[in-house]
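Architecture and fold: a report
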Amino acid sequence: MNQTPDYIKELRSQFPILKTKVYGKDLVYFDNAATTQKPLQVIERIQSYYTSENSNIHRGVHHLSQVATQDYEDARKLIQKHIGSNKESEIIFTKGTTDGINLVASSYGELLKEGDEILISAMEHHSNIVPWQLIAQKKNLSLKVIPIHENGELNMASFDELLSEKTKLISITHISNTLGTINPIKEIIKKAHIFGAKVLIDGAQSIQHGEINVSELDCDFFVFSGHKIFGPTGIGVLYGKEALLESMPPYQGGGDMIKRVSFDHTSFNELPFKFEAGTPNIIGGIALGTAIKFLKSIDTEQAFSYEKALLNYAEQELKKIDEMTIIGTATEKTSLVSFNVGQIHPFDIGTLLDKQGIAVRTGHHCTQPLMDFFKISGTLRASFAFYNTIEEVDVFIAALKRSLSLLK
Amino acid sequence: MSTFIEKQEAIIEDFDLFDDWMEKYEMIIDLGKEIRSISESQRNDDQLIEGCQSRVWLRTEYKDSLMYFFADSDAIITKGIIGLLIKVFDGEKPETIVKEELFFIKRIGLQEHLSPTRANGLLGMVKRMKMEALKHI
């Protein structure tokens, strides 16, 4: 592929921010793993909500409240169907992936006993490490780490060894935000269930790059963030199997999550509201629904396969550069590439790319243990979405070469 | 000898020669390559100012009532900006370092490097330079 197909150009035109100029140059936005840009219909939905619908939901008898409640709950249904869940009660709105993991760690963690084991992997984001450390400390649980191979793939032989009757929960990322590795979660879930362990899938990096069906996967929990799937920030989703969610104690107390409150006793609301204390991010939920509708309106199969082609092209061009090291070379990879050039600090390259209009991420990507494994302080990460073009990759490579000529 | 203000004005003039950001950074990078380093064997944790993106080491000396600074970084752009800061601060009285305004960074458009969100260690370095100077007042 040496030219961006027309259907991609058409998709791209629906994202107004991509026409932005930075320092007088056309913006090249390759930081999609951090957050994705928003299509016009999501932006317009936010405006129309505050222009003509804003009110608090679930308790109002008045018209606006009923309209907003209906839209918010419709969004929940849409998300439920989109990820293949069977019941609305299984879809909990959260602030994002981190919030979802903290909810499960705090609440499901309460059910665990001293000596129980939790498994995570060596490629987890800090948000899928620290919540488990906190609950492990509090409840005297044992936190074990599945190692990885040099190419960034999970060491499945070690996983098999670590898995035992003591394992109560495996919390693992579907796709590594630093390496792009796609983990064999179906196999992990199947094996975990043999030992009676539950599995939480961190879908922050996978929800926007492929079809997710929680029923087919048979995962026990699945978490993701709205802003990484073309929706707003501050909204996310925790999917949990109903029976499991029923068995868990509430996470936070407040309005909306109760059935009846007295000073002697409080009874809790039914799912999903039991886990949604306080006024939620109403427009966040509604606009996330709009983002899902947007995805449904496009040919995702074509878009996702284009992303892969874009990654292949970028990697092929990067490899032509002297002293290039690509970190994360798993066979199954999503559309992001982490790299370093010689001994040059990623911050230096990132700063110069920025001045040429190119947005990439530099640093440890909130995966310090992974940096320790590769014995590096950080990487540059270019992450693509289907609205990125072949021409942008060319601009990026040229800018990278110019940066390197100054730094060497 | 130039004053604290004059030294800053001189840097601003140097940078005014360039319109293009890449040229400005080329100058910073060249400066970063030039300035005296603290060799790895001489670095210690007391000198380290940890940033999220890059790290800075700072050593200070106080001689004949004046302050002198030696600093280093693992990133060359950070090191270049350190070079600019040292040009301004080196050989100054502790009172000047603590009280006088540091304005050139903003005027040459590099304020992003001294913002708390940048986390490259430079903000912490300026703070520590002032704290070290304060010890001698």
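Residues numbered from 1 in each chain as written. Chains lettered and ligands numbered in written order. Predicted model: local features only at pLDDT ≥ 70, side-chain atom pairs only at ≥ 80, totals over all residues. Heavy atoms only, no water.

What to know about the nonpolar core
This is how the line gets drawn: Buried Ala, Val, Leu, Ile, Met, Phe, Trp, Tyr and Cys residues that are joined via side-chain atoms within 4.5 Å together make up what is termed a nonpolar core. The buried label goes to any residue with under 20% of its type's maximum accessible area, the exposed label to any with over 50%, and the partly exposed label to all in between, with areas taken from a 1.4 Å probe on protein chains only. Each domain's extent was defined by an automatic or database domain assignment. In this analysis, two residues are considered to be in contact whenever any of their non-hydrogen atoms come within 4.5 Å of each other.
Within the largest apolar cluster, 134 residues are counted, with the highest numbers of intra-cluster contacts made by A:Phe386, A:Phe396 and B:Met125. Of the domains in this structure, domain 1 (6-30 + 299-407) and domain 2 (43-296) of chain A are the two that each give at least three residues to this core. In contact with A:Phe396, not counting residues within four places along its chain, are A:Phe30, A:Leu318, A:Phe339, A:Leu353, A:Ile358, A:Val360 and A:Ala382. Counting 24 residues, the second largest nonpolar core, distinct from the first, contains A:Ile118, A:Ile129, A:Leu238 and A:Leu271.

Considering the side chain of A:Asp116
In plain terms, the rule: Helix and strand definitions follow DSSP, with helices as H or I runs of at least four residues and strands as E runs of at least two, each counted in order from the N terminus. We call two N or O atoms a polar contact when they sit within 3.5 Å, provided that within protein one can donate a hydrogen and the other can accept it, with sequence-adjacent residues counted only if both atoms are side-chain atoms.
For A:Asp116, the location among the structural elements is in the loop between α4 (97-107) and β5 (117-121). A distance of 2.7 Å separates the side chain of A:Asp116 from the backbone nitrogen of A:Lys113, its partner in a polar contact.

Focus on the confidence of the model for chain B
Which entries qualify depends on this criterion: Per-residue confidence from the predictor is given as pLDDT, running between 0 and 100.
For chain B, the average pLDDT comes to 88, and 95% of its residues sit at 70 or higher. Between the elements of chain B, mean pLDDT differs from a low of 82, seen in strand β1 (residues 48-49) of chain B, to a high of 95, seen in helix α4 (residues 94-99) of chain B.

Comments concerning a nonpolar patch on the surface
Residues and elements named next belong to chain B. Put simply, the test is: Note on patches: the residues involved have over 30% relative accessible area and no salt bridge, like charges join within 9 Å, and the nonpolar side chains Val, Leu, Ile, Met, Phe, Trp and Tyr join within 5 Å. Exposure was quantified through the Shrake-Rupley algorithm and a 1.4 Å probe, taking into account, for residues, occlusion by the shown protein chains and nothing else. Should a side-chain nitrogen of Lys or Arg be within 4 Å of a carboxyl oxygen of Asp or Glu, the pair is scored as a salt bridge.
A cluster of nonpolar residues, Met131, Leu134 and Ile137, forms a patch on the protein surface that exposes about 290 Å² of accessible area. Following the sequence through the fold, methionine 131 ends up in helix α6 (residues 122-134). Judged by its relative accessible area of 46%, methionine 131 falls in the partly exposed class.

A word on the sheet that holds strand β9 (residues 221-225) of chain A
Residue and element names in this part refer to chain A. Put simply, the test is: Any two strands between which DSSP finds at least two bridges are classified as paired. To obtain an axis, a line is fitted to C-alpha atoms, over the contacting stretch when the element is a helix, and the angle between two such axes runs from 0 to 180 degrees between their N-to-C directions.
Strand order in this open sheet of seven strands is β4-β10-β9-β8-β7-β5-β6, and the pairing throughout is mixed. Each of the sheet's edge strands pairs with one partner strand only, and the pair in question is β4 (91-94) and β6 (142-146). The average undirected angle you get between the axes of adjacent strands in this sheet is 20 degrees. Here β9 pairs with strand β10 (residues 236-240) via five bridges, running antiparallel. By the bridge assignment for β10, serine 225 is matched with glycine 236.

Things to note about helix α11 (residues 300-318) of chain A
Since the α-helix packs 3.6 residues into each turn, any two residues three or four apart lie on the same face. Residue and element names in this part refer to chain A. Our working rule: Given the number of residues in a helix, its expected span is that number minus one, multiplied by 1.5 Å.
End to end, α11 covers 27 Å across 19 residues, agreeing with the expected 27 Å (1.5 Å per residue, within 8%). All of the buried residues along α11 are Thr300, Ala303, Phe304, Tyr306, Glu307, Leu310, Leu311, Tyr313, Ala314, Glu315, Glu317 and Leu318. Among the residues of α11, the N-terminal cap falls to aspartate 299, whose side-chain oxygen and the backbone nitrogen of glutamate 301 are separated by 3.3 Å.

A look at the interface of chain A and chain B
Short version of the rule: When two components associate, each loses some accessible surface as probed by a 1.4 Å sphere; the sum of these losses over both components is called the buried area. Gly falls in the polar group here, along with every residue not listed as nonpolar (Ala, Val, Leu, Ile, Met, Phe, Trp, Tyr, Cys, Pro) or charged (Asp, Glu, Lys, Arg).
Taken together, the contacts link 18 residues of chain A with 19 residues of chain B. Of the roughly 1,600 Å² buried between chain A and chain B on both sides combined, carbon and sulfur atoms contribute 63%. Among the residues of chain A in contact with chain B, A:Phe347, A:Lys355 and A:Leu406 are the three that bury the most area, contributing 39% of the side total. Taking the shortest distance from any N to any O, the salt bridge between B:Glu112 and A:Lys355 comes out at 3.1 Å. Ranked by residue count, the leading element in the side of chain A that touches chain B is helix α12 (residues 346-355) of chain A, at six residues. Residue composition of the side of chain A that touches chain B, by class: five nonpolar, seven polar and six charged.

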